[in-house]
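Below, each chain spelled out in residue letters.
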Amino acid sequence: MTATIDAAALAHLQSWQGRSETTPDTLTAAPVRALSATLDRDDPAPVPGTALPPLGHWLYFLPHARQSEIGPDGHPRRGGFLPPVPLPRRMWAGGRLRWDVKNPLRVGQDVRRTSTIRSITHKGGRSGELLFVLVEHRFSNEHGVALTEEHDIVYRAAAQAGDPAPPPQKPPAQAAWSRTIVPDDVLLFRYSALTFNGHRIHYDRHYVTEVEGYPGLIVHGPLIATLLVDLSRRSLPGARVAAFEFKAVRPTFDLNPFSVHGQPSADGRTVALWAQDHEGWLTMRATATLA
């Protein structure tokens, strides 16, 4: 297979390493209220001073590209802050987050997100080329840095007939908590709308099956991560999350229900969390560290 990204192209893409941008936003109440409804929660209405739920910051600092700047996949066209990677499939592969539990992000705050591209690496996989971009986000309010996040983005070659499927992984054998999720079109639409995400793999069945070669609509990785944290919140309503890390290991499609599971450690300081598909294969694994 001929490489799309040769040494010269990789050097050009790696010139984006170290680039930084700062985005301000005001943490309004409406997105928190809408997320609660999307997760089927009966939370009190958020008011100024209400702490954001874990991962609630993903509802803010959203890219607002003009319609003429949208690419064929529904994302903003490549270039600008992120490098113009020539591989067509882009996915949120995982991340690591650390909160300052003494300085939570709260509704009503003016917050700055400073984003920096930390690394760009190129690898060959069983199904073709992979390019990994690591972006660090630091979220600051009037009291200082409240949250630091490392965001893993992976770019992949277009699907080809006969591409080997990644070997499935088994989830942990024991779960203290479990919940079944039905990823219907409405759930995927509502989360796309909440995050102003135009990526067509989440709502355009013709595009995702005919162009990108997947069997169905893809459930957002951040939505699955949010559902994992939400499972922990439902099971331990008084606990505070100080850190969270997650990794997507297998795509989840809207064709069948999937499930989320959790198992707290013996000392109660961490919670192992995972999602699995209708066949019982692991699709995402995560760890929440409690304050």
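For the structure itself, look to the data block above.
Given the structure is predicted, the values throughout are model-derived calculations rather than measurements.

Cut-off values and rules
- Residues numbered from 1 in each chain as written.
- Predicted model: local features only at pLDDT ≥ 70, side-chain atom pairs only at ≥ 80, totals over all residues.
- Heavy atoms only, no water.
- Helix = DSSP H or I, 4+ residues; strand = E, 2+ residues; numbered from the N terminus.
- Polar contact = N/O pair within 3.5 Å; in protein donor to acceptor, adjacent residues only side chain to side chain.
- Contact = heavy atoms within 4.5 Å.
- Pairing = 2+ DSSP bridges.

Caption draft 1: Seen up close, the side chain of Gln-276. As for its placement among the helices and strands, Gln-276 is situated in strand S9 (residues 270-276). Reaching out from Gln-276, the side chain makes a polar contact with the side chain of Trp-274 at a distance of 3.2 Å. In this view, Gln-276 contacts Pro-171, Phe-258, Ser-259, His-261, Trp-281, Leu-282 and Thr-283; residues no more than four positions away in its chain are not counted.

Caption draft 2: Spatial organisation of the pairing of strand S5 (residues 144-156). Taken together, the 10 bridges between strand S2 (residues 89-99) and S5 define a ladder with antiparallel strand orientation. Opposite Gly-95, over in S5, you have His-151 as the bridge partner. Where strand S4 (residues 128-141) folds back on S5, the antiparallel hairpin that results is connected by two residues.

Caption draft 3: Seen up close, the environment of Met-284. In this structure, Met-284 sits in strand S10 (residues 282-290). Residues Met-284 and Val-260 lie 24 residues apart in sequence; the distance between their C-alpha atoms is 9.1 Å.

Caption draft 4: Focus on unusual backbone geometry. With a phi angle near 60 degrees, Phe-61 is a residue other than glycine that sits in the positive phi range. Secondary-structure assignment places Phe-61 in the loop between helix H2 (29-38) and S2.

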